[in-house]
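Structure assessment
Now for the letters of each chain:
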Number of protein chains: 2
Amino acid sequence: MTISIAHLGPSGTYSEQAAVAYANILHQQTKQEPILCPYPSIAKTLKAIATHQVDLAVVPVENSIEGSVAVTLDMLWQLDILRINLALVLPIAHTLLSHADSLANIETVYSHPQALAQCQGWLEQFLPRVELIPTNSTTEALQKLGEGSNAGAVASPRAAQLYNIPILASSINDYAENCTRFWVLALSESTIGSHTSLAFSTRANIPGALVQPLQVFAKRGINLSRIESRPSKRSLGDYLFFIDLEGNTTSPSVQAAIAELAMHTEILKIFGSYNVLSLTKN
Amino acid sequence: MTISIAHLGPSGTYSEQAAVAYANILHQQTKQEPILCPYPSIAKTLKAIATHQVDLAVVPVENSIEGSVAVTLDMLWQLDILRINLALVLPIAHTLLSHADSLANIETVYSHPQALAQCQGWLEQFLPRVELIPTNSTTEALQKLGEGSNAGAVASPRAAQLYNIPILASSINDYAENCTRFWVLALSESTIGSHTSLAFSTRANIPGALVQPLQVFAKRGINLSRIESRPSKRSLGDYLFFIDLEGNTTSPSVQAAIAELAMHTEILKIFGSYNVLSLTKN
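Residues numbered from 1 in each chain as written. Chains lettered and ligands numbered in written order. Predicted model: local features only at pLDDT ≥ 70, side-chain atom pairs only at ≥ 80, totals over all residues. Heavy atoms only, no water.

An unreviewed UniProt entry lists chain A under the name Prephenate dehydratase, with Aliterella atlantica CENA595 given as the organism. Within the UniProt record for chain A, the comment given under Pathway (unreviewed entry) is "Amino-acid biosynthesis; L-phenylalanine biosynthesis; phenylpyruvate from prephenate: step 1/1." Heading Catalytic activity (unreviewed entry) of the UniProt record for chain A holds this comment: "prephenate + H(+) = 3-phenylpyruvate + CO2 + H2O". (UniProt positions renumbered as here; feature names shortened; annotations may be inferred.)

Residues and elements named next belong to chain A. Taken as a whole, this structure holds 10 aromatic pairs over all chains when the rule is applied. An angle of 40 degrees between the planes, with centres 5.9 Å apart, marks the rings of Phe200 and Phe241 as tilted. One end of the pair, Phe200, is in strand 12 (residues 195–201); the other, Phe241, is in strand 14 (residues 239–246), and 41 residues separate them in sequence. Among the residues examined, Phe200 registers a relative accessible area of 0% and is labelled buried. Three or more aromatic residues link up through ring pairs in this structure, and these residues are Trp77, Phe242 and Phe271. One Lys or Arg, Lys269, reaches over the ring of Trp77 and ends 4.3 Å from the middle of that ring. (Phe/Tyr/Trp six-rings, centres within 6.5 Å; stacked < 30°, edge-to-face > 60°. Helix = DSSP H or I, 4+ residues; strand = E, 2+ residues; numbered from the N terminus. Buried < 20%, exposed > 50% of the residue type's maximum accessible area, 1.4 Å probe, protein only. Lys NZ or Arg CZ within 6 Å of the ring centre and 35° of its normal.)

The next thing to look at is the side chain of B:Ser68. Residues and elements named next belong to chain B. In this structure, Ser68 sits in strand 4 (residues 67–68). Engagement of the side chain of Ser68 in a polar contact is seen with the side chain of Arg226, the distance being 2.5 Å. At 2.3 Å, the side chain of Ser68 forms a polar contact with the side chain of Glu228. The residues touching Ser68, leaving out its near neighbours within four places in the chain, are Val61, Glu62, Leu73, Gln114, Arg226 and Glu228. (Polar contact = N/O pair within 3.5 Å; in protein donor to acceptor, adjacent residues only side chain to side chain. Contact = heavy atoms within 4.5 Å.)

Now for the interface of chain B and chain A. Tallying the contact residues gives 49 residues for chain B and 50 residues for chain A. Summed over both partners, the interface of chain B with chain A buries about 3800 Å², with 53% contributed by carbon and sulfur atoms. Summed over the shared surface of chain B and chain A, the number is four salt bridges. Note that B:Glu66 and A:Lys233 form a salt bridge whose closest N and O atoms lie 3.9 Å from each other. The interface formed by chain B and chain A includes 14 residue pairs in polar contact (both at pLDDT 80 or more). The element contributing the most residues to the side of chain B that touches chain A is strand 13 (residues 224–231) of chain B, with eight residues. (Buried area = accessible area lost by both parts, 1.4 Å probe. Salt bridge = Lys/Arg side-chain N within 4 Å of Asp/Glu carboxyl O.)

Now the structure itself:
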């Protein structure tokens, strides 16, 4: 039996790296044959699963340096039928790839804006005069690197291997502790797991509008591992709140907290419970 | 006397539009002669003021659809000496500019990723097969539009005028209520104003770590108009919290709240009090 997994492509992106790691785990555990399906954007990756084109999707949700991946949170809220089955934490090690002879010859550097942002200190120090050009993915940046060109790209060591492009500099991210958290999403719910994610809008923008929802968890000793606000897109200053909590939706205290939370919120969406798995560098 | 104002350039960006509007206000109020100084990135715009190259900077902090401008918040925390003197809210109306004869001929669309994201629904509906290419600013996208080319750019009506490029479609943002909030930053503090911004890290990731800081304001009836988390960049799951509150640092209740807040936080930074000014479309 095969199982299809959508991810941001093409081959060589960090999303593909996370999807490959997950496919291997899945194959070991279930003997199912995973098929990877690259999509040109995160929005299209998520729509593929909502429209039953694929069984699963692996998408980035948060980087430890650059923060949330807004489109993932916004689409999860809008599509309203995706459920989180697993979180994967992937260490990120950026490299500078180029056919140029040396750093001194580099004139332009291409990459996804998140990758450029994660290396901005290194780029300012070692390549202060180069032009930084954003691309739709770290892999797309590699397409700009012709033989004999003085362009460089920020991408993974794995991309260097896949596309056979020399590495001019390794570990160029400004913070060594750089990792990205991905979610494995499906249409069916996982009921097991150490973490639960949910999101809500509040009824009114009054003092304490967010305190009450947070107290619901604090008074039960439930730790929130993350709270993130996103625009509701109704008007400036009107927000949705995304929360990750440590606990499972089948536990009585989490169930009681969610029941009480529903009274303090306008719209409440539960995205499921899931485990968190740390991947190692490859 | 002249006063220099840094902004993300070149001419024709929404940042420049906000800076021009502010320069006009400043000239009317103080008779000072404002000089606009474009910089190639938001980070460089903010460093220009921190290193005394300019007197003021106008930078985007939040869009009502796409959310926070992460680099602005991160740099404000890092530089630690910038103070908010005013907030400006600019309505955003995106247009599609091109020398092509009709929409049907458009093959690629260039723009800043935030602008592309704000028009993604329109682009999918009317130009489903075009390639979307990110640029460093909405104005940089215009440089890709040669005479007779089938490229388009998402930018402001003002940019169309400045660069004399035909408008193929107007008001193409997915949400009519699209506006961006900018901050006017200086090295000196403004003590007047209806809003105050601050940021803090918490001592430990325990249940209620964020509830206590929020209660400090709720119990005094101080409304928080925004709360935003950013990675501390120390490790995944460790955050800074940015808060905008309705009140002035000279008011006794805000002073008492901030004094109590300092006891519940690890590092606390106050970015000043300021008024919020809504600009009209030009």
